[in-house]
Amino acid sequence: MIELEDRLANYRDVLDDAIGQRMAERRPGGGTVVSVRDEGELRRSNRALVLAAAALALVIGGFVVGAQREASRSEQTAVTMRDGRVVAFDVLEPIPSAAPPIPPESEPLPAPEVVGPAIPALAIGDSVMLGAAPALQELGFAVDATESRDFINGLDAALTLEQQGRLGDTVVLHLGTNGPIAAGDMDRMMDALSDVPNVVLVLNSLPASYTYGDGNNALMIDAAMTNPNTTALYWNDLVDTCPGECLYDDQIHLRPDGQEYYAALIANALGL
Amino acid sequence: MGSGFVMSVESSEAVMSTPSDRFAAFADGPGARLRQVLVAQHGVDLGVDLSADALAYAWEHWERIEPMDNPVGYLYRVARTAGRRQRRLARRDVFPPERDREHPPFDIGLHRALVALPERRRACVVLVHVFDWTYAETADALSVTVSVVRNELHRGLRQLRHELGGSS
């Protein structure tokens, strides 16, 4: 009887074989999209260089798929190879825009259920954002902000709108004032917003007695660093530069001066 | 993350001078391991696609990505973001070979049991027991602690043995 560990070890051959097949499928075949120009003799004795070239061929294959799906783009990617290595590589598009959905081969995608119009610019927040709601509305935002709101409640709102197909080009989030953000909830939030081109996470500015503030901010910074569509707005630092009387005595909520400055920072972050 | 990914890049830098040389070495070493992680999580087709796109992204942004302490970790997260988008839009969850593979013989029972595992658990099992990664390497790649890897492996193997019944 074969032990489980042995079956798993044997499974590597299956996976390696499948990976090889997939990589071969992605390599250009006819040269209609990708051209490889040899400027010297291809010497394939160096295994590392050959494998590197193969890996780059895999890269090129990704562009074949992307280019074929978007006919309006350039029809050719030029790759110049010398001595078995790539010396010039003109790429078409980076991964955020070069990751078109792969349509299933057998059945069309179901159309998302749309229960209302898409919201071009949406702001989801708690009581801090609520104070700045009029200023944000003047910028064109639809504001969904309530007092005592936890991150999970804002997540529910985002998930609902995402499932309804109503998320637009811009979403600003300011949550975390009322409690710690769970890492899993942040992942779910970024998942829900992954199709939104511009996401701004407003960092928490809380007194030191709110011990979860730093943890919340660390999560948001990490999310901004790892999601190309997401920017962190360092409200916790920028609030100190706010001109006028900006915060109430709790050092959290916004006076009128702070509301205007807060909205201006968001507008600046989005290039509005 | 401090394992072989980063060391491979540093050693490449020591002997290669041009960006294309260094990127080629990166694609050959750390890039191949990135592919294994993505295959372990998303299956062969989507995993290979995501790794190819991630390497393309790395090349286009090579000046910014090369000096990073952990370029593979960054690319892994970029790829996962793209993966979430693709999987949701395409309404599919793939692992591992979606089509019949003629060679080598396909262990369909093990395949089905792996498919049934949660994504992170499957990734731990595949990376450690299929691709022969260390616990530390797996933890680094998945941005979790070694104890999480250990727990996931324990639960994953238990679940696989349960699914496979007396066959193992």
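Nothing here was measured: the structure is a model prediction, and the numbers come from that model. (Residues numbered from 1 in each chain as written. Chains lettered and ligands numbered in written order. Predicted model: local features only at pLDDT ≥ 70, side-chain atom pairs only at ≥ 80, totals over all residues.)

Concerning the overall build of chain A
For clarity, the threshold we go by: In this text, helices come from DSSP runs of H or I with a minimum length of four residues, and strands from runs of E with a minimum of two, each type numbered from the N-terminal end. Labels follow a simple rule on C-beta atoms placed from the backbone: if 20 or more others lie within 10 Å of a residue's own, it is buried; if 12 or fewer, it is exposed; otherwise it is partly exposed. Two residues qualify as being in contact provided that their C-beta atoms, derived from the backbone, are within 7 Å of each other.
From N to C terminus, chain A includes nine helices and eight strands. Counting only residues that meet the buried cut, chain A has 38% of its 272 residues in that class. Contacts in chain A between residues at least 24 apart in sequence constitute 69% of all its contacts with a sequence separation of at least 6.

Considering the sheet that holds strand β8 (residues 230-233) of chain A
Residue and element names in this part refer to chain A. Threshold: The pairing criterion is simple: DSSP has to find at least two bridges between the two strands. Lines fitted to C-alpha atoms define the axes, with helix axes restricted to the stretch in contact, and inter-axis angles between N-to-C directions lie between 0 and 180 degrees.
The strand order across the open sheet formed by five strands is β5-β4-β6-β7-β8, and the pairing between neighbours is parallel. The open sheet has two free edges, formed respectively by β5 (142-145) and β8, since each of these has just one partner strand. The sheet shows a mean angle of 20° between the axes of neighbouring strands, direction not considered. As paired strands, strand β4 (residues 119-125) and strand β6 (residues 167-174) are joined by six bridges and run parallel to one another. Across the sheet, residue Gly-125 finds its bridge partner in β6, namely His-174.

With respect to the confidence of the model for chain A
We apply this condition: pLDDT runs from 0 to 100 and stands for how confident the predictor is about each residue.
Per-residue pLDDT for chain A has a mean of 70; in total, 66% of the residues score no lower than 70. The spread of mean pLDDT over the elements of chain A runs between strand β1 (residues 34-38) of chain A, the lowest at 29, and strand β7 (residues 198-202) of chain A, the highest at 94.

Quick word on the nonpolar core
Where we set the bar: The term nonpolar core refers to a group of buried residues, namely Ala, Val, Leu, Ile, Met, Phe, Trp, Tyr and Cys, whose C-beta atoms join them within 7 Å.
If you look at the biggest cluster of nonpolar residues, it comprises 52 residues, and the most contacted ones within it are Leu-15 of chain A together with Val-37, Ala-54, Leu-75, Ala-79 and Leu-127 of chain B. Top contributing element to this core by residue count: helix α4 (residues 44-60) of chain B, with 11 residues.

Overview of the pairing of β6 of chain A
All names here are of chain A. Inclusion rule: Whether a crossover is right-handed comes down to one check: with the strands pointing away from the viewer, does the path from the first strand over the helix to the second run clockwise; if it does, it is right-handed.
Counting buried positions along β6 gives six out of eight residues, so the element sits mostly inside the fold. With four bridges joining them, β6 and β7 adopt parallel strand pairing. Considered in β7, the bridge of Thr-170 is made with Asn-198. Viewed along the sheet, the connection from β6 through helix α6 (residues 183-192) into β7 turns out right-handed.

Examining the packing of helix α3 (residues 30-42) of chain B against helix α8 (residues 119-130) of chain B
Residue and element names in this part refer to chain B. Selection criterion: Note on terminology: angles under 35 degrees are roughly parallel, angles over 145 are roughly antiparallel, angles of 65 to 115 are roughly perpendicular, and the others are oblique. Definitions for this section: a left-handed crossing has its near helix turned counterclockwise from the far helix by less than a right angle. A right-handed crossing has that turn clockwise.
Viewed as axis vectors pointing N to C, α3 and α8 meet at an angle of 130°, and their least axial separation amounts to 8 Å. When the interaxial angle is binned, α3 and α8 end up oblique. By crossing handedness, the relation of α3 to α8 is classed as right-handed. Residue-level contacts link Gln-36, Val-37, Ala-40 and Gln-41 of α3 to Glu-119, Arg-122, Ala-123, Val-126 and Leu-127 of α8.

Quick notes on the environment of Gly-258 of chain A
Residue and element names in this part refer to chain A. Within the secondary structure, Gly-258 sits in helix α9 (residues 256-270). Note on Gly-258: 22 C-beta atoms within 10 Å, which makes it buried. Measuring from C-alpha to C-alpha, the distance between Gly-258 and Tyr-248 comes to 9.3 Å, with 10 residues separating the pair along the chain. Other than its neighbours up to four places away in sequence, Gly-258 contacts Cys-242, Cys-246 and Leu-247.

What to know about helix α9 (residues 135-142) of chain B
Residues and elements named next belong to chain B. In terms of burial, α9 is largely enclosed, as six of its eight residues are buried. Of all the positions in α9, only Glu-137, Thr-138, Ala-139, Asp-140, Ala-141 and Leu-142 are classed as buried. Positive phi appears at Ser-143, one or two residues downstream of α9, with a value of about 60°.

Thoughts on the confidence of the model for chain B
Residue and element names in this part refer to chain B. Averaged over every residue, the pLDDT of chain B is 77; the share at 70 or more is 74%. Note on residues 1-14: pLDDT under 50 across the span, and 24 contacts to partners over four residues away in sequence or across chains. Scored by ipTM, the complex comes to 0.76, with pTM at 0.45.

Here's the deal with the pairing of β7 of chain A
All names here are of chain A. Across four bridges, the pairing between β7 and β8 is parallel. Note on β8: the bridge partner recorded for Val-199 is Thr-230. You can see the chain leave β7, run along helix α7 (residues 213-226) and come back into β8, and the turn it takes is right-handed.

Section: helix α10 (residues 146-164) of chain B
Residue and element names in this part refer to chain B. Rule in force here: The span expected for a helix works out to 1.5 Å for each residue beyond the first. This arc describes the spread of directions from the helix axis toward the C-beta atoms.
If you check α10, its first and last C-alpha atoms are 26 Å apart, about what 19 residues at 1.5 Å a residue would give, namely 27 Å. Among all positions in α10, only Val-149, Glu-152, Gly-156 and Leu-160 are buried. Down the axis of α10, the smallest arc covering the buried residues is 65°, so these residues share one side. Among the exposed residues of α10, those oriented more than 90 degrees off its buried face are Ser-147, His-154, Arg-158 and His-162.

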